[in-house]
Every structure is written in structure tokens, then in C-alpha cells.
Amino acid sequence: MTEQHPTSTDASTTPDAPVVVAIDGPAGSGKSSVSKAVARRLGYRYLDTGAWYRALALHTLDADVDPEDSAAVIGSLDAFGGAFTVSLDPDVTAFTLGDRDVTDEIRGPRVTAVVSAVARVPEVRAWINETFRSLIAGVDRPGIVVEGRDITTVVAPDAQARILLTASEAARMARRSAEFESHPAGDVAEQLQRRDRADSRVVDFMNAADGVTTVDSTHIDFDETVDAVVRVTESLTARNSHGSR
């Protein structure tokens, strides 16, 4: 299912608009850590879109809303919007739900098990995507790195740099297992595969859309991946800048 947003503004030609680096990719591909490092390197803001869906999933659980009840999840959006705050500083990872710091909690297995249920609801995606576009438009630095699913095709299809960051399933499982050392490797692998299957019903996160550059990190380390994404970003933004003159 693809959301259409025909009124999006071309970020490459709007005067004084921030540079937008849109990064898509599957779970475990290193999107968050790589995107954050790229934002630091370029002096940009950083938006972790997946955190919003995870925080919404936690919000529904806390409110005893069934994540599988789409109507109830949609009905909880306004309350969630008023309660959730996030830092766009790549040096400060902080997510707050009401008065509670949920930075670590939204990454736990309890949330991971249900996040796809809320993320696949079209009305939820439309509501959250509009919030993303508002945050992008109001950024207070020269640019912003936005990472997650559907970013290159739906949220920011006119971004100056659109990148698909991917890796083999084996590499992604190994990285995700390293993040959650206290959890059995088999459980982590099963959750990643289940997430891939669920999310693939909503978005195509393994194949680059037209105009999107693929960076495969299967056989390169973290620093090399950051370097590769920065090179692609600088090349694409320079090209778009020259093309808009």
C-alpha cells in the first residue's frame, strides 16, 4: 500500500529549504547509527522516524489499546501527539512520552513485537508522515538526515539525496543480535524475520525506487558505511544544486 502525497514541495528548488537526506532500509541495516553519524559529519539535524511508530506502539500498550485494533489506534493519535517529544540533535538521543524517558523502552522486545501492527495502518502512516514533513520544513540547521521506511518514496520523495541502505539478512541478524546481547540470538533473528515479513506488506524496503542510490553495507564496516553514505550525499546534493541554477 502506497500513500500518495501530490502536494509535496520539491526540496531541491525551494529557496532556503533545508537539504534533505532521505535514507530507507530494512531492520538491522544500520540506518539509525549510520544516519546519526552522517548528520554529525555534515552538521545536520537527524530524524529517526521509526522511533515515532515504536513510541506510538508503546503508547497503545500503556493505554491498554489493542495494537491490532486499527480504529482504536487511530483514535489514540491525538493523545500520542500531545505526549511524545523527540530530540533532533544527532548528539542527543532522547525520546519522551509524557513525563517518562522511553529512549530504551521503545527498542525493547515488548514494543518490537507489536510495532508493525500500528505501522501498517494507512491512517497512522498518513498522520505521522505529515508530522515528519512539518519537522523537516522547520529544521533549524542547513539540512536534516531522515531515516526509516518509506522515506525516499513517500515522506521525502523530492529529497536532494535519496539512499537505500541495505545488507544481507545474515549481516542484519548479526548486527541486531549484537544490539541485544541479553536476548537469545534465535529470538532476535525470529523477531527480525517477522518484522521483515510484516513490513513487506506495507512498504518495499529491499529494492531502490527510481532515483534512489543503494549502499550495501554487507561487507563493509561501520566507518566505511558512513563514508560511503557521505560520499553519495555530497555527490547528489552537489549535482542537484548545480541542476537547480
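Asks: In this structure, what is going on with the packing of aromatic side chains? I would like to understand it.
Replies: The geometry of an aromatic ring pair is captured by the separation of the ring centres together with the interplanar angle, meaning the angle of the planes. Enumeration according to the criterion identifies 7 aromatic pairs in this entry. An angle of 15° between the planes, with centres 5.3 Å apart, marks the rings of phenylalanine 80 and phenylalanine 84 as stacked. We note that phenylalanine 80, like phenylalanine 84, is buried. Seen from their ring centres, phenylalanine 80 and tryptophan 127 are 6.4 Å apart, and the 50° between their planes marks the pair as tilted. Pair noted here: phenylalanine 80 is in helix α4 (residues 77-83) and tryptophan 127 is in helix α7 (residues 122-137), with a separation of 47 residues, a long-range link. Through pairs of rings, three or more aromatic residues link up here, namely Trp52, Tyr53, Phe80, Phe84, Phe95, Trp127 and Phe132.

Asks: I'm lost on the sheet that holds strand β3 (residues 84-86) in this one. Help?
Replies: In a beta sheet, neighbouring strands are held together by backbone hydrogen bonds and run either parallel or antiparallel to one another. The strand order across the open sheet built from 3 strands is β3-β4-β5, with neighbouring strands paired in antiparallel fashion. The open sheet has two free edges, formed respectively by β3 and β5 (100-101), since each of these has just one partner strand. Where strand β4 (residues 95-97) meets β5, 2 bridges bridge the pair, whose relative direction is antiparallel. Each bridged residue has a counterpart across the sheet, and for leucine 97 the counterpart in β5 is arginine 100.

Asks: What should I look at first to understand the sheet that holds strand β1 (residues 19-24) in this one?
Replies: What the 5 strands build is an open sheet, ordered β2-β6-β1-β7-β8; its pairing is parallel. Because the sheet does not close on itself, it has two edges, and the strands there are β2 (45-48) and β8 (213-216). Sheet twist, expressed as the average angle between the axes of neighbouring strands with direction ignored, equals 20°. With 4 bridges joining them, β2 and strand β6 (residues 143-148) adopt parallel strand pairing.

Asks: Mind showing me how you'd approach the pairing of strand β7 (residues 161-166) here?
Replies: Two faces, one strand: in a regular strand the side chains alternate between the faces of the sheet. Among the 6 residues in β7, 6 count as buried, and that is most of the element. Neither face of β7 is exposed, since Ala161, Ile163 and Leu165 on one face and Arg162, Leu164 and Thr166 on the opposite face are all buried. Pairing geometry for β1 and β7, over 4 bridges, is parallel. In the strand pairing of β7, isoleucine 23 is matched with isoleucine 163. Bridge count for β7 against β8 is 4 bridges, and the pairing is parallel. Each bridged residue has a counterpart across the sheet, and for isoleucine 163 the counterpart in β8 is threonine 213.

Asks: For this particular structure, what's the right way to read helix α2 (residues 49-62)?
Replies: Each α-helix winds once per 3.6 residues, and so residues spaced three or four apart point in a common direction. The end-to-end C-alpha separation of α2 is 20 Å, in line with the 20 Å expected for 14 residues at 1.5 Å each. Across the 14 residues of α2, 11 count as buried, placing the element largely inside the fold. Every buried residue of α2 is accounted for by Thr49, Ala51, Trp52, Tyr53, Arg54, Ala55, Leu56, Ala57, Leu58, His59 and Thr60. If you check the start of α2, you find a side-chain oxygen 3.2 Å away from the backbone N of glycine 50, and it comes from aspartate 48.

Asks: What's the story with the pairing of β1 in this structure? I'm lost.
Replies: Burial runs high along β1: 6 of the 6 residues are buried. Residues Val19, Val21 and Ile23 of β1 are buried on one face, and the alternating residues Val20, Ala22 and Asp24, pointing to the opposite face, are buried as well. In terms of strand pairing, β1 meets β6 through 6 bridges, oriented parallel. Bridge pairing links valine 21 to valine 145 in β6.

Asks: Honestly, the pattern of salt bridges in this entry has me stumped. Any pointers?
Replies: Any two side chains of opposite charge can pair, so long as their charged atoms come close to each other. For the structure shown, the criterion picks out 11 salt bridges. Across the salt bridge formed by arginine 100 and aspartate 62, the nearest N and O atoms sit 2.8 Å from each other. Residue arginine 100 is found in strand β5, and its partner aspartate 62 is found in helix α2; the two are separated by 38 residues along the sequence. For arginine 100, a relative accessible area of 32% gives the class partly exposed. Notably, a salt bridge pairs aspartate 150 with arginine 125, separated by 3.4 Å at the nearest N-O pair. Taken together, the residues aspartate 150 in the loop between β6 and α8 (151-155) and arginine 125 in helix α7 connect sequence positions 25 residues apart. A residue is classified by how much of its surface remains accessible, and aspartate 150, at 12% relative accessible area, is buried. Look at the salt bridges and you will find they share partners, linking Asp62, Arg100, Glu105 and Arg110 into a network.

Basis of the calculations
Residues numbered from 1 in each chain as written. Predicted model: local features only at pLDDT ≥ 70, side-chain atom pairs only at ≥ 80, totals over all residues. Heavy atoms only, no water. Phe/Tyr/Trp six-rings, centres within 6.5 Å; stacked < 30°, edge-to-face > 60°. Buried < 20%, exposed > 50% of the residue type's maximum accessible area, 1.4 Å probe, protein only. Helix = DSSP H or I, 4+ residues; strand = E, 2+ residues; numbered from the N terminus. Pairing = 2+ DSSP bridges. Axes fitted to C-alpha atoms, helices over the stretch in contact; angles between N-to-C directions. Expected span 1.5 Å × (residues − 1). Polar contact = N/O pair within 3.5 Å; in protein donor to acceptor, adjacent residues only side chain to side chain. Salt bridge = Lys/Arg side-chain N within 4 Å of Asp/Glu carboxyl O.

Fair warning: the whole summary comes from geometry, so function is off the table for now.
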